[in-house]
Amino acid sequence: MTDYDFDVVVIGAGPGGYVAAIRAAQLGLKVACVEKRATLGGTCLNVGCIPSKALLNASHFYEDAKHGTLEKFGITFKDVRIDIKTMLAEKDKAVGELTSGVEFLFKKNKVEWIKGAARFKSTHALDVNLNDGTTRAVTAKNIIIATGSDVLGLPTVKTDGKTIITSTEALNLAKVPDHLVVIGGGYIGLELGSVWLRLGAKVTIIEYLDRIASTMDADVGKHFQRVLAKQGMNFKTSTKVTNVKTTKAGATVTVEPAAGGKPEAIACDMVLMSVGRKPFTDALGLDAAGLKLDDKGRIPINADFSTSVPGIWAIGDVVPGPMLAHKAEDEGMACAENIAGLNGVINHAVIPAVVYTMPEVASVGKTEEELKAAGVDYKVGKFPFAANSRAKTNRDTEGFVKILADGKTDRVLGVHILGSMAGTMIAEAAMAMEFGASSEDIALTCHAHPTHAEAMKEAALAVHGRAIHI
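Anyway, here's the lowdown on the structure attached to this text. (Residues numbered from 1 in each chain as written. Predicted model: local features only at pLDDT ≥ 70, side-chain atom pairs only at ≥ 80, totals over all residues. Heavy atoms only, no water.)

1. Let's talk about the overall build of the protein chain
The number of helices and strands found in the protein chain is 14 helices and 21 strands. C-alpha extents for the protein chain along the principal axes are approximately 70 × 60 × 50 Å. Every one of the 470 residues in the protein chain was classed for burial, and the buried ones make up 50%. Taking as baseline every contact in the protein chain between residues at least 6 positions apart, the subset at least 24 positions apart corresponds to 63%. Roughly 21,900 Å² of accessible area belongs to the protein chain as shown, and the carbon and sulfur atoms make up 53% of that amount. A gap of 4 Å separates the mean positions of the 52 positive and 53 negative side-chain charges of the protein chain. (Helix = DSSP H or I, 4+ residues; strand = E, 2+ residues; numbered from the N terminus. Buried < 20%, exposed > 50% of the residue type's maximum accessible area, 1.4 Å probe, protein only. Contact = heavy atoms within 4.5 Å. Areas by Shrake-Rupley, 256 points an atom, 1.4 Å probe, with all protein chains shown as cover. Lys, Arg positive; Asp, Glu negative; His and termini not counted. Charge placed at Lys NZ, Arg CZ, Asp CG, Glu CD.)

2. Remarks on the pattern of salt bridges
Here the structure, examined in full by the defined rule, presents 17 salt bridges. Between D219 and K402 there is a salt bridge, and its shortest N-O distance comes to 3.4 Å. Note that D219 is positioned in helix 7 (residues 218–230) and K402 in strand 20 (residues 400–406), a separation of 183 residues in sequence. On the accessibility criterion, K402 (0% relative accessible area) is buried. Connected through salt bridges with shared partners, the residues D217, D219, E368, K382 and K402 form a single ionic network. (Salt bridge = Lys/Arg side-chain N within 4 Å of Asp/Glu carboxyl O.)

3. Description of the pairing of strand 1 (residues 6–11)
Extensive coverage of strand 1 is indicated by the burial of 5 of its 6 residues. Where strand 1 lies against strand 5 (residues 135–145), 5 bridges are found, and the strand directions are parallel. Following the sheet pairing, I11 is matched in strand 5 by I145. Sheet analysis places strand 1 next to strand 2 (residues 31–35), joined by 4 bridges and oriented parallel. Bridged to V10 within strand 2 is C33. (Pairing = 2+ DSSP bridges.)

4. Some thoughts on helix 4 (residues 84–108)
For an α-helix, 3.6 residues make a turn, and residues three or four places apart therefore share a direction. Between the first and last C-alpha of helix 4 there are 36 Å, a value that for 25 residues agrees with the 36 Å anticipated at 1.5 Å per step. When helix 4 is considered as a whole, its buried residues turn out to be I84, M87, L88, K91, V95, T99, V102 and F106. Buried positions along helix 4 lie against helix 1 (15–26), strand 2, helix 2 (42–47), helix 3 (49–66), strand 3 (112–122) and helix 6 (187–198). (Expected span 1.5 Å × (residues − 1).)

5. Considering unusual backbone geometry
The residue after M358, namely P359, is reached through a cis peptide bond having omega 0°. Tracing the backbone through its elements, the reader meets P359 in the loop between strand 17 (353–355) and strand 18 (360–365). Cis geometry marks the peptide bond from H449 to P450; its omega dihedral reads -5°. Secondary-structure assignment places P450 in the loop between helix 13 (439–443) and helix 14 (454–462). The backbone phi angle of S238 is positive, close to 50°, even though this residue is not glycine. Relative to the helices and strands, S238 is located in the loop between strand 10 (234–236) and strand 11 (239–246). Note on S238: relative accessible area 32%, which makes it partly exposed. The backbone of D410 shows a phi angle near 75°, a positive value even though the residue is not glycine.

6. Let's talk about the nonpolar core
Nonpolar side chains in soluble globular proteins tend to be buried together. Counting 40 residues, the largest nonpolar core has L190, W196, L199, V203, F224 and M233 as its most contacted members. Counting only elements with at least two residues in this core, the list comes to helix 3, helix 4, strand 8 (179–183), helix 6, strand 9 (202–206), helix 7 and strand 14 (270–273). With 5 residues, the top contributor of residues to this core is helix 6. Not counting the four nearest positions on each side in its chain, L199 is found in contact with S59, Y62, I82, I84, M87 and V176. Membership of the second largest hydrophobic core comes to 30 residues, among which are V8, V19, V102 and I339. (Core = buried A, V, L, I, M, F, W, Y, C linked by side-chain atoms within 4.5 Å.)

7. Here's the deal with the environment of I143
Mapping I143 onto the fold places it in strand 5. I143 gets classed as buried once you look at its relative accessible area, which sits at 1%. Setting aside residues up to four positions removed in sequence, I143 forms contacts with V9, I11, F120, T123, H124, A125, L126, G311, I312 and W313.

8. Here's the deal with the environment of I351
Relative to the helices and strands, I351 resides in the loop between helix 9 (325–339) and strand 17. Along the sequence, I351 and G365 sit 14 residues apart, while their C-alpha atoms lie 7.2 Å from each other. Once you skip the residues sitting within four places of it in the chain, I351 turns out to touch P322, L324, H326, K327, S363 and V364.

9. Brief notes about helix 6
When the terminal C-alpha atoms of helix 6 are compared, their 17 Å separation across 12 residues agrees well with the 16 Å that a helix rising 1.5 Å per residue should span. Most of helix 6 is tucked away: 10 of the 12 residues are buried. Restricting attention to buried positions, one finds in helix 6 the residues G189, L190, E191, L192, G193, S194, V195, W196, L197 and R198. Once helix 6 ends, the next one or two residues include G200, with phi positive near 125°.

Spelled out as structure tokens, the structure:
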């Protein structure tokens, strides 16, 4: 019997990695986690989900105070100013509290944090280049790859961290740019674009496809774009970027129609590259472990998160599926349980997604376009927040709930929400779908009054033409 240093070594301490490490330790395994950052939590806690939400929240407060949104409630301000330094400090404070919280949980569960970068030496052996400049050899019976993802670029655009930036730098701008051009109309670009738009920047979104957030239900996506345009965000869809040059004043972005046509130059003082993310696997030495990537640079896995090499497992952004922190967390927990001999399973058909703009957009399950393409018989129920009593009272009526249900069985196939509470409300839809609920199950469930969640009940009633308040 081979002796190993650890039962499980997790490479990467993002949401998937740290959850996998903690769960494996809870199950009685000897666990280490290799992470080169100075703080735990990966991209999400350090330069992703958490700091962006802190800025979205703060900028929303500022926008409400600055632009008279609160005057109808009798709340007025005479002199509203923005202190970027203080705002960023509060964001950093929140990040620090959460990353130190993960470190506490590692200590509590006796997970050893190996501070460095791991590289496979063989199937069960790693060389870790420690942050102090030395090297440590580590062996493990099981190794979980949870290294997450990195910013994806364009071959024609080179970021410099100052004028042409990524999402990481966009979280720490010392001042509000006059004109921010965002290349890419996905979730990250729209969220960060919203932050700086609220704080006073002109924001232009350039998207190669014919609409923003292209994976979103088209009905919701079109309404969403109209809402953002009303807020002042500029859009150039069906447009490709051919070149970006820095200038004394900032940058010039050259674009042309995606189908080809006359080029146009857009002058700005900052460019945010936000065209997506790619699996972070380059420095792992996967060849030494006998692993091969698929055509998209991802690690192929089996249903239990094992790879083609026994003893090596993979989760999160390095495997197929949406690059979402909560997906990685669930995969990390399930993977750890499978290693421990339990039955760890997650339902990849019920993974919610949220855009944290204002209003938010949230979805789970199939879009209407996907159902049409698959030839599925379905019914649609929609209910606008304009007819919801709580939203009406709050003067917060933008958006709607849309439920897609099987035309024969009434089973809920997808739920899509545009509204201020969408990110919270989508949990009910995910729970319903996880238990195979019908739209009638939701419709007959008593919802507290007055709440935004009543719009979910009404949309479910609307599937069968029974909505009360429209």
